[in-house]
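In case you want the letters, here they are:
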Amino acid sequence: MNGHSSRGYFGEFGGRFVPEVLVEPLRALETAMDDAFGDPAFWEEYRLVLRDYVGRPTPLTALRNLDAESSGPRLVLKREDCNHTGAHKILNALGQGLLAKRMNKVRLIAETGAGQHGVATATAGALLRLPVEVYMGSADMERQALNVYLMRLLGATVKAVDAGARTLKDATNEAFRDYAATAEHTAYVVGSAVGAHPYPTLVRGFARTIGDEARAQCLEQFGRLPEHVVACVGGGSNAIGAFAAFLEDQQVGLWGVEAGGVGLDRIGDHAASLSAGSIGVLHGARTFVLMDEEGQIGATHSVSAGLDYPGVGPEHAHLKSSGRVRYGAVSDDEALDAFCDLARAEGIVPALESAHAIAFSRKIRQKLDPEALVLVICSGRGDKDVARLALGAPALR
Amino acid sequence: MRPSFGPEALVSAAFSRCSRQGRAAFLPFLVAGDPNPLVSKELLAAVARGGADLLELGIPFSDPLADGPAIASASARALAGGMSLAGALRLVRDLGKRLGEIPVLGFTYYNVLLTHGLESTAQSFAACGLCGVIVPDVPLEESGPLRSAFARYGLVVPMLVSPTTPPDRAVRIAQAASGFVYVVSRAGVTGTHAGIGEIRAQIELLRRATATPIVVGFGVSHVRAVRQLAAQADGVIVGSALVECAAAARDSVEAIEAVASRCRELARGCLRQPAVAGNLAASE
């Protein structure tokens, strides 16, 4: 712990850079979080919902066929694609939904990019009987029409955001503005481990189910800890959830994989904030940000909508700076290859986000001891991506 | 020792002058570079002619979290037209005498300042004749580096108090603020709004805690609201309504005239009615 920790800092990253109107609501959320996190009854309620509704624990699957012809260790997947609603996002949405209930909030709002977090929040709202409004960039609504339909089917209202590039960043701005005016009765369910304190800590608290389960499963199924853990990083919630369980295990190598898009040289071609960004303040936290020399937040690109974000969770910024986690990027094409190869070799269709982690693991595995245990987080399933890929952009091999 | 003509003294003198004249200060807000640098310059000159006592100049940021649609769109237009921090400062410098003695404060987001460096931004502000900066995404706990960098150049950093701010915190914010305390009139973001929340109690609390002028903003659009607030506060900020007024005009000539005339109307609204002037605890 350092001197900053009480204000929600991870080293020099994080903090609470928000308009004054949000300071008190976030303080109230922080108090409620501390109270809930220290209450075994809260965790028991959460655990039962995860077991009986989400279907946890998710399996740990040792891959049989992928890259079997080449040297290097086999990959072991943590199957977050097996969650109810198809991705790890439900862990966070249900956790924050239960907390909202505990705080007597009567309405949930959320931002969403690909729609996965929106669907997860809509699901939590349906289960917990809380009305849900989801902010979504109108460009994303066109790209992810299926998820828009799903959210509406689940009873949520989807609010189109026409500002800026009409994607995740713009939806986040709108959700913040809504919260600024409605925090008294509304809970803002932030979709990743980003934003002002206490959100990075709150989201990690629920996402670490991934790492805690996987760690126990490695010990049980393989009798040891993995040598390496690999996860994709957009905002970074599945990754921080996975890493949280292994941070103290110094012998475990941790790898975060960002969206390299079509190249890291130019702003607008990728979404690799840690690999190619600089330190700034975005959405309430000091972290690595993609921006121009004037401090204006830059455009991003990734084939995977869920990684298409110009910032990153502040704890990742700290873990990069401290050297505990190494971060790399893979391109759209590498991710698409992994997406197709995993489907054909193993019968598992990963989310394009998760395909980044798989692609990166394939790149490093040849340099590793063949006996090494490489744990790769498959953060979600690829059904949501299939419609778009089937429509022809870009073509499958 | 600050020179008597320094930025802080200029700001304070503007409030004193208004107070002597029996009115609240009128603080119009416009975004630098909206809709383009040329017209923006004329709009700023128009608000100066229209009776501005102080001027709040938005330096556009791509992700203005504290702002509603009117100012967010204005910022997007300004950025599309190539406006930057340096460009905004140049506007102020170029306007020079056309702004008269009106103190100009920048309004921007922290990432813009951090990217250019707090120290060197403060230095450029002072060099171009700006008097201070308002940064809506820097709350009290994070404000130390900002306030000390700007204070080194004699510049003011007003701080915001919102309807959700508890009394003890409001007092601490008021004590940390320089130039004026910016009381946000309602929960939410900037934007035109029909009514004004009940802020009398908060203003009275702040009066007891500080001698710094108290200015109200966010959601003030009609002269009726200005009159109501002028009776309670030392100044009134109008932003979105002016931005919308300019954006709604058919051409730039009409926009400049419309903004000037709207300002004259709002500035008249700042004149306190004799009946309520007696209730005032002036800041002097």
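Quick note: structure is the one above.
Residues numbered from 1 in each chain as written. Chains lettered and ligands numbered in written order. Predicted model: local features only at pLDDT ≥ 70, side-chain atom pairs only at ≥ 80, totals over all residues. Heavy atoms only, no water.

Caption draft 1: The arrangement of the pattern of salt bridges in detail. Using the criterion set out here, one finds 41 salt bridges over all chains in the structure. Here glutamate 24 of chain A makes a salt bridge to arginine 27 of chain A, at a shortest N to O gap of 3.5 Å. Of this pair, glutamate 24 of chain A and arginine 27 of chain A both sit in helix α1 (residues 20–37), three residues apart, roughly one helical turn. On the basis of relative accessible area, arginine 27 of chain A is assigned to the partly exposed category, the value being 31%. As a salt-bridge pair, lysine 169 of chain A and aspartate 63 of chain B come within 2.9 Å of each other at their nearest N and O atoms. Taken together, the residues span two chains, with lysine 169 of chain A in helix α7 (residues 168–182) and aspartate 63 of chain B in the loop between β2 (55–58) and α3 (69–80). Lysine 169 of chain A gets classed as buried once you look at its relative accessible area, which sits at 12%. Overlapping salt bridges, with partners in common, bring together Glu20, Glu24 and Arg27 of chain A together with Glu141 and Arg169 of chain B in one network. (Salt bridge = Lys/Arg side-chain N within 4 Å of Asp/Glu carboxyl O. Helix = DSSP H or I, 4+ residues; strand = E, 2+ residues; numbered from the N terminus. Buried < 20%, exposed > 50% of the residue type's maximum accessible area, 1.4 Å probe, protein only.)

Caption draft 2: Layout of the sheet that holds strand β5 (residues 107–112) of chain A. Residues and elements named next belong to chain A. The parallel open sheet is built from four strands, whose spatial order is β7-β6-β5-β8. Either end of the sheet is taken by a strand with one partner, and the two such strands are β7 (157–161) and β8 (186–189). For this sheet, the mean inter-axis angle between neighbouring strands, taken without regard to orientation, is 25°. Relative to β8, β5 is paired through four bridges, and the arrangement is parallel. Among the inter-strand pairings, leucine 108 is bridged to a residue of β8, identified as alanine 187. (Pairing = 2+ DSSP bridges. Axes fitted to C-alpha atoms, helices over the stretch in contact; angles between N-to-C directions.)

Caption draft 3: The interface of chain A and chain B, seen in detail. Listed per partner, the contact involves 29 residues of chain A and 35 residues of chain B. Summing both sides of the interface, chain A and chain B together bury roughly 2,600 Å²; the carbon and sulfur share of this comes to 53%. Taken together, the links from chain A to chain B amount to three salt bridges. Here glutamate 20 of chain A ties to arginine 169 of chain B by a salt bridge, and the two come within 2.9 Å at their closest N and O atoms. Between chain A and chain B we count 17 residue pairs in polar contact (both at pLDDT 80 or more) in total. Secondary-structure elements contributing two or more residues to the side of chain A that touches chain B are α1, α7 and β11 (278–282) of chain A. In the side of chain A that touches chain B, the residues fall into 13 nonpolar, six polar and 10 charged. (Contact = heavy atoms within 4.5 Å. Buried area = accessible area lost by both parts, 1.4 Å probe. Polar contact = N/O pair within 3.5 Å; in protein donor to acceptor, adjacent residues only side chain to side chain. Nonpolar A, V, L, I, M, F, W, Y, C, P; charged D, E, K, R; others polar.)

Caption draft 4: Broad picture of the side chain of glutamate 80 of chain A. Residue and element names in this part refer to chain A. Within the secondary structure layout, glutamate 80 lies in the loop between β4 (75–79) and α3 (89–102). The exposure class of glutamate 80 is buried, given its relative accessible area of 0%. If we ignore the near neighbours within four places in the chain, the residues touching glutamate 80 are Arg56, Thr58, Gly86, Ala87, His88, Leu91, Ile210, Ile377, Cys378, Ser379 and Gly380.

Caption draft 5: Seen up close, the pairing of β5 of chain A. All names here are of chain A. In terms of burial, β5 is a largely internal element, six of the six residues being buried. Neither face of β5 is exposed, since Arg107, Ile109 and Glu111 on one face and Leu108, Ala110 and Thr112 on the opposite face are all buried. Pairing between β5 and strand β6 (residues 132–137): five bridges, direction parallel. Residue isoleucine 109 lies in a different strand from β6, and its bridge partner there is glutamate 133. For the crossover from β5 across helix α4 (residues 116–128) to β6, the handedness is right-handed. (Right-handed = clockwise from strand over helix to strand, strands pointing away.)

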